[in-house]
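Residue strings, one per chain:
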Amino acid sequence: MGRIVTIRGVDIGKGLPKICVPMVGRTIEELIEEVNSLKNIDFDIVEWRVDFLKEVGNIDKVKESLKSIRKIIGNKPMIFTFRSAREGGEAEAEREFYVKLNKTIVETGLVDIIDVELFNHENDIRELVDAAHKKGAAVIISNHDFKGTPEREEIISRLRKARELGGDIPKIAVMPNSVEDVLTLLDATRIMKEKYADCPIITMSMAGKGVVSRFAGELFGSDLTFGAVKKASAPGQISVTDLRKIIELLHDNL
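Residues numbered from 1 in each chain as written. Predicted model: local features only at pLDDT ≥ 70, side-chain atom pairs only at ≥ 80, totals over all residues. Heavy atoms only, no water.

Where an unreviewed UniProt entry is consulted, the protein chain appears under the name 3-dehydroquinate dehydratase, with the organism given as Clostridium algifaecis. Its UniProt record, at the heading Pathway (unreviewed entry), says of the protein chain: "Metabolic intermediate biosynthesis; chorismate biosynthesis; chorismate from D-erythrose 4-phosphate and phosphoenolpyruvate: step 3/7." In its Subunit (unreviewed entry) section, the UniProt record describing the protein chain reads: "Homodimer." (UniProt positions renumbered as here; feature names shortened; annotations may be inferred.)

Written out as structure tokens, the structure reads:
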């Protein structure tokens, strides 16, 4: 996959940054309620944060839930994400379970993208990338730093490493402790896009200070952003409705 990743007719890496909304229900009933609430929302992609699910340790239950979700969302592109506790998620998983869960879900053919964390074993990452590509799914290789913002060169290095490992869409999210940290993330995004990226990238600075990074992707180079419908899945997510308005306002004035 190259500069543009096309999923169910949605071109990530072309045009305006795409808007992804997270589903964070803890039960299948909550998930169904969440999915139904999206019917009148203007978004491009949905992300199922499966680490929120109470029965995430039961892969059969995860598959059942996925089938129910897919029936309701129809042809909307879906990202499947197990975010580990060490990277800000709701649960932790043993190495073997993490690989088995992602491979099992990819093989259903019901998800379009899986999110694989960069700081996993490289062999596991390559195994999951290979499994996804065999099923025609794309892979986000991601890193989330909830403690701070690395130096600009380190941010670029992590994004490039994600690409080297086979990621179709490298992603990094960092926590700013100052306005300068937000500028560091934005400048790293610009350099990555201008000098190195032969693929879409996703970058963001979290929390209140970093909100600007969530809607300025068209200017700096991030191709996808996340907006909340009910409950945010990360600090600093604003409502998807406001996000759409701001992105379009910026676009009209560039």
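Caption draft 1: Examining the pairing of strand 5 (residues 78–81) more closely. Here strand 5 shows two buried faces, one formed by Met78 and Phe80 and the other by Ile79 and Thr81. With helix 2 (residues 59–73) bridging strand 4 (residues 45–49) and its parallel neighbour strand 5, the resulting β-α-β unit is right-handed. Sheet analysis places strand 5 next to strand 6 (residues 113–117), joined by 3 bridges and oriented parallel. Residue pairing for strand 6: Thr81 is matched across the bridge by Asp115. As for the winding sense of the linkage, the β-α-β connection from strand 5 through helix 3 (residues 95–107) to strand 6 is right-handed. (Buried < 20%, exposed > 50% of the residue type's maximum accessible area, 1.4 Å probe, protein only. Helix = DSSP H or I, 4+ residues; strand = E, 2+ residues; numbered from the N terminus. Right-handed = clockwise from strand over helix to strand, strands pointing away. Pairing = 2+ DSSP bridges.)

Caption draft 2: Quick look at the packing of helix 1 (residues 28–37) against helix 2. Taken N-terminus to C-terminus, the directions of helix 1 and helix 2 make an angle of 15°; their axes are 10 Å apart at the nearest point. Between helix 1 and helix 2, the angle falls in the class roughly parallel. Once helix 1 is placed against helix 2, the crossing between them reads as right-handed. For the pair formed by helix 1 and helix 2, the contact residues are Ile28, Leu31, Ile32, Val35 and Asn36 on the first element and Ser65, Ser68, Ile69, Ile72 and Ile73 on the second. (Axes fitted to C-alpha atoms, helices over the stretch in contact; angles between N-to-C directions. Parallel < 35°, antiparallel > 145°, perpendicular 65-115°, else oblique. Left-handed = near helix turned anticlockwise from the far one by under 90°. Contact = heavy atoms within 4.5 Å.)

Caption draft 3: Broad picture of helix 9 (residues 240–252). Its 13 residues place the ends of helix 9 18 Å apart at the C-alpha level, agreeing with the 18 Å of an ideal helix rising 1.5 Å per residue. Every buried residue of helix 9 is listed here: Val240, Leu243, Arg244 and Ile247. The arc that holds the buried residues of helix 9, viewed along the axis, is 100°, so those residues lie on one side. Exposed residues on helix 9 whose side chains face more than 90 degrees from its buried face are Lys245, Leu249 and Asp252. The secondary structure elements touched by the buried residues of helix 9 are strand 3 (18–23), helix 7 (211–215) and strand 10 (224–226). (Expected span 1.5 Å × (residues − 1). Arc of directions from axis to C-beta.)

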